[in-house]
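A closer look at the structure
Spelled out, the chains give:
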Amino acid sequence: MRIVRDYQFVAPQDRGASVAIGNFDGVHIGHQSVIELARKAAPAAPLGVMSFEPHPREYFAPDAPPFRLTGPDARAHRLEKLGVERLYELPFNAALAGLTPREFAQQVIVAGLGLKHVVVGADFCFGKGRAGTTADLEAFGVELGFGVTIAPLVTGGDMQVSSTNIRNALSDGRPKDAADMLGHWHRIEGTVIGGEQRGRELGFPTANMSIEGLHPPKFGVYSVIVDVLDGPHKGTYHGASSVGVRPMFGVNKANIETFLFDFKGDLYGAKLSVGLVAYLRPEEKFDSLEALIAQMDADCARSRQILAAL
């Protein structure tokens, strides 16, 4: 997959794609349906996705609480798995935010990227002040010579599939409900960073990752499936993760600490993708380290049972 980060200086091979447009936070089943429509709309064209970095909500409200389900790297990995060939990850800045709907269509879709077809969700808005509607986009397509498909909103059971509803499920400790809307386990991706070695001292060496900038799932212990994405230990493992602030050890910044079952090796600096499968229990402050270790043993035993049944 080629990643293009500028619509003004685009190589010829990166023009003419059939593109799904949106933020694609989480790349849930609704997003996947939009991408599939783009694939079918112009089968001979490269399949593309147009997204924005930073997320427009981060641009307009930089001090708001973290809300993203996926960072840019995790989103790119998921899109590549879906067969996307071109990711137009456009910088969302004052210049782009200031384009009128017509200017966006003329300068970005046509002159900049030369798109053959665009697919958007039924609630899509674009241009300065979100003034452009799907009807406007269809009209611009007829006028300027690109195809337009409006994708219906997707429901999952009785619930509309949306990034907001996925966030709510994760906040409630319902990773299975989140997965039903995502079409995959919710994953936290990042680089393993140095910790305070407490897990190793307790007999549970953990791979520690930051969750800064991401919507935090409910704090507690999870059964997880872990992909080590690079390095000598690349592969898939089962394990248990603790998400939160580690109340046994004072005041700490929230992170995720993952213990991989039956694993020996050094993961510092490796990139991990941790899939949340089941919520086991909330964070607790135990009366002693012995009680904590006993609970961790029980957590791992339960996680092994859950993962063996998948």
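Right above here is the structure, for reference.
Residues numbered from 1 in each chain as written. Predicted model: local features only at pLDDT ≥ 70, side-chain atom pairs only at ≥ 80, totals over all residues. Heavy atoms only, no water.

**Concerning the packing of helix α5 (residues 101-112) against helix α6 (residues 134-144)**
Running from N to C, α5 and α6 cross one another at 50°; their axes reach a closest spacing of 10 Å. Relative to α6, the element α5 lies oblique. Viewed along their axes, α5 and α6 form a crossing whose handedness is right-handed. For the pair α5 and α6, the contacting residues are P101, R102, A105, Q106, I109 and V110 in the first and L137, F140, E143 and L144 in the second. Here the contact of α5 with α6 is built from residues that sort into seven nonpolar, one polar and two charged. (Axes fitted to C-alpha atoms, helices over the stretch in contact; angles between N-to-C directions. Helix = DSSP H or I, 4+ residues; strand = E, 2+ residues; numbered from the N terminus. Parallel < 35°, antiparallel > 145°, perpendicular 65-115°, else oblique. Left-handed = near helix turned anticlockwise from the far one by under 90°. Contact = heavy atoms within 4.5 Å. Nonpolar A, V, L, I, M, F, W, Y, C, P; charged D, E, K, R; others polar.)

**Some details on the sheet that holds strand β3 (residues 47-53)**
Spatially, the six strands line up as an open sheet ordered β1-β4-β3-β2-β5-β6, and their pairing is parallel. Since the sheet does not close on itself, it has two edges, and those belong to β1 (2-4) and β6 (147-151), each with one partner. For this sheet the average axis-to-axis angle between neighbouring strands, irrespective of direction, equals 25°. Bridge analysis of strand β2 (residues 18-21) against strand β5 (residues 117-121) gives three bridges, and the strand direction is parallel. Within β5, the position partnered with A20 by the bridge is V119. Set on the sheet, helix α1 (residues 29-41) makes contact with β2, β3, β5 and β6; between it and β2 the angle comes to about 160°. Sheet strands in contact with α6 are β5 and β6, and its direction is about 160° off that of β6. (Pairing = 2+ DSSP bridges.)

**Observations concerning the nonpolar core**
If you look at the biggest cluster of nonpolar residues, it comprises 28 residues, and the most contacted ones within it are M50, Y88, L96, V108, L115 and L137. Looking at this core, the elements that each hand over two or more residues are β2, β3, β4 (86-91), α4 (94-97), α5, β5 and α6. Looking at which element gives the most residues to this core, the answer is α5, with four residues. The residues touching L96, leaving out its near neighbours within four places in the chain, are Y7, F52, L90, P91, F104 and V108. Judged by nonpolar contacts, the second largest core, of 21 residues, contains V228, Y237, I256 and L272. (Core = buried A, V, L, I, M, F, W, Y, C linked by side-chain atoms within 4.5 Å. Buried < 20%, exposed > 50% of the residue type's maximum accessible area, 1.4 Å probe, protein only.)

**Quick word on the environment of V84**
Relative to the assigned elements, V84 resides in the loop between α3 (72-81) and β4. When the C-alpha atoms of V84 and L47 are compared, they prove to be 5.3 Å apart, with 37 residues separating the residues in sequence. Those residues in contact with V84 that sit more than four places away from it in its chain are M1, I35, L47, G48, V49 and L79.

**Description of the environment of M50**
Looking at where M50 falls in the secondary structure, it is placed in strand β3. Its relative accessible area of 0% is what places M50 among the buried residues. Those residues in contact with M50, other than ones at most four positions away along the chain, are V19, A20, I21, G22, F24, Y88, L90, F104, V108, L113 and L115.

**Brief notes about the packing of helix α7 (residues 163-171) against helix α8 (residues 175-182)**
At their nearest, the axes of α7 and α8 sit 7 Å apart, and the two run at 160° to each other. Relative to α8, the element α7 lies roughly antiparallel. Pair α7 / α8 crosses with left-handed handedness. Contact residues: α7 offers N165, I166, A169 and L170, while α8 offers P175, D177, A178, M181 and L182.

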